[in-house]
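Commentary on secondary and tertiary structure
Single-letter residue listing:
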Amino acid sequence: MLKDALQLLKTRAPGFVPRVAVVLGSGWGGVTEHIVDPVRVAYADLPGFPVPTVAGHGGELWMGSIGTQAVAVMSGRKHGYETGAVDGMRLPLQVLQALGCEVLVQTNAAGSLRADLAPRSLMAISDHINWPQRSPLVGQSGSERFVGMVDAYDPLLRQQAVELAALQGLALQSGVYAWAFGPQFETPAEIRMLARLGADAVGMSTVPETILARHLGMRVLALSLITNMGAGLSSEHLSHAHTLSEAAAASHTASAVLASILANLELN
Ligand code: HPA
């Protein structure tokens, strides 16, 4: 499947070598508007790519440039809660790495656990808590599976992201992301627990892909768009529709900031 998907991409975009792979979560779809001369390939045409089951998540791979940066952008990802399997992004990431990507930029929507991290703000992930303790590397062999997770979120890429966001007038905070398996939202007791354990935000994605990317030796940058306060921290009623409407409200700014980060990111 890897060879077939790679071959198809090479045929559709001859000679195109992206160095940055991007995964767009809820609220981040506007990033694709910043891609110049995109070549779009439906996941359905790419063996092993996830056909989306979640409203608000696209299902296309976009190849093109943002500024001078050649990027491969996945609009939509596979989540653990869709099937129970947490390795659904292995093949897509292997394909993108084989195409040339050295860096994985991830985005998601998340709930805030911190009073000073308000809905519609952005957070750069500095570390994560794998609350379900599930790994996409189960079943792999070889000593490479024992991946170190210190600085899994590349400090140099994050520093650049913070500086580039500041140039856009946006104070990008850093924080710890806790993975909740979902698809149900958390209880207020779970939110209090996660906050005490040191999490700043909570969401249902990103962590498996970070583990996969580190296993592949890719550097990771990840940004969360805060769509709500965690359950019990405000009077908001949590629902997927609420996530999507808050994400839509902040989407323009988030996408513009990420496009500027991608255009200016220095990789070495
Ligand atoms: N919890 C889990 N995932 C989320 C949330 C939340 O509050 N908001 C957006 N994604």
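Residues numbered from 1 in each chain as written. Predicted model: local features only at pLDDT ≥ 70, side-chain atom pairs only at ≥ 80, totals over all residues. Heavy atoms only, no water.

**So, the overall build of the chain**
When helices and strands are counted, the chain shows 7 helices and 9 strands. Dimensions of the chain, computed from the C-alpha atoms along their principal axes, are close to 50 × 45 × 35 Å. Buried residues in the chain amount to 53% of all 268 residues. In the chain, once contacts between residues fewer than 6 apart in sequence are set aside, the share between residues at least 24 apart is 83%. (Helix = DSSP H or I, 4+ residues; strand = E, 2+ residues; numbered from the N terminus. Buried < 20%, exposed > 50% of the residue type's maximum accessible area, 1.4 Å probe, protein only. Contact = heavy atoms within 4.5 Å.)

**Focus on the site of the ligand**
In the vicinity of the ligand, the contacting residues are Ala109, Ala110, Gly111, Phe185, Glu186, Val202, Gly203, Met204, Thr227, Asn228 and Thr243. Contact between the ligand and glutamate 186: a nitrogen atom at 2.8 Å from a side-chain N or O atom of the residue. Between the ligand and the protein, one listed contact pairs a nitrogen atom with a side-chain N or O atom of asparagine 228 at 2.7 Å. When isolated, the ligand has an accessible area of 260 Å², and the protein chains bury 96% of it. (Near = heavy atom within 4 Å. Polar contact = N/O pair within 3.5 Å; in protein donor to acceptor, adjacent residues only side chain to side chain. Areas by Shrake-Rupley, 256 points an atom, 1.4 Å probe, with all protein chains shown as cover.)

**Some remarks on the pattern of salt bridges**
With the rule as written, the count across this model stands at 9 salt bridges. A salt bridge links arginine 114 to aspartate 200; the shortest N-O distance between them is 3.2 Å. With a gap of 86 residues between them, arginine 114 in the loop between strand E5 (103-112) and strand E6 (122-129) and aspartate 200 in the loop between helix H5 (188-196) and strand E8 (201-203) connect regions that are remote in the sequence. Looking at aspartate 200, the relative accessible area reads 14%, which means it is buried. The network of salt bridges with common partners includes Arg114, Asp116 and Asp200. (Salt bridge = Lys/Arg side-chain N within 4 Å of Asp/Glu carboxyl O.)

**Re the environment of histidine 34**
Structurally, histidine 34 can be placed in the loop between strand E1 (20-24) and strand E2 (36-42). Remark: the alpha-carbon pair of histidine 34 and glycine 64, spanning 30 residues in sequence, is separated by 9.5 Å. Excluding residues that lie within four positions of it along the chain, histidine 34 makes contacts with Ser65, Ile66, Ser255, Ala256 and Ala259.

**Things to note about helix H6 (residues 207-215)**
Burial analysis of H6 places 7 of its 9 residues in the buried class, the great majority of the element. Every buried residue of H6 is listed here: Val207, Pro208, Glu209, Thr210, Ile211, Leu212 and Ala213. Phi turns positive one or two residues past the end of H6, at glycine 217, with a value near 85 degrees.

**Examining the side chain of glutamate 82**
Following the sequence through the fold, glutamate 82 ends up in helix H2 (residues 80-83). Engagement of the side chain of glutamate 82 in a polar contact is seen with the side chain of lysine 78, the distance being 3.5 Å. Side-chain polar atoms of glutamate 82 contact the backbone nitrogen of histidine 79, separated by 2.7 Å.

**Notes on the side chain of serine 205**
Relative to the helices and strands, serine 205 is located in the loop between E8 and H6. Among the polar contacts made by the side chain of serine 205, one reaches the side chain of arginine 77 at a distance of 3.5 Å. When sequence neighbours within four positions are dropped, the list of residues in contact with serine 205 reads Arg77, His79, Asn108, Tyr177 and Trp179.

**So, the pairing of strand E7 (residues 173-179)**
Of all the 7 residues making up E7, 5 are buried; the element is thus mostly covered by neighbouring parts of the structure. Of the pairings in the sheet, the one linking E6 to E7 comprises 6 bridges and is parallel in character. Bridged to alanine 124 within E7 is serine 174. As paired elements, E7 and E8 share 3 bridges and run parallel to each other. Following the sheet pairing, tryptophan 179 is matched in E8 by glycine 203. (Pairing = 2+ DSSP bridges.)

**Here we look at the packing of helix H4 (residues 155-167) against helix H7 (residues 240-264)**
Across the interface, H4 lies against H7 with an axial gap of 9 Å and an inter-helix angle of 125 degrees. With respect to each other, H4 and H7 are oriented oblique. By crossing handedness, the relation of H4 to H7 is classed as right-handed. Of H7, the residues touching H4 (which contributes Gln160, Ala161, Leu164 and Ala165) are Val257, Ser260, Ile261 and Asn264. (Axes fitted to C-alpha atoms, helices over the stretch in contact; angles between N-to-C directions. Parallel < 35°, antiparallel > 145°, perpendicular 65-115°, else oblique. Left-handed = near helix turned anticlockwise from the far one by under 90°.)

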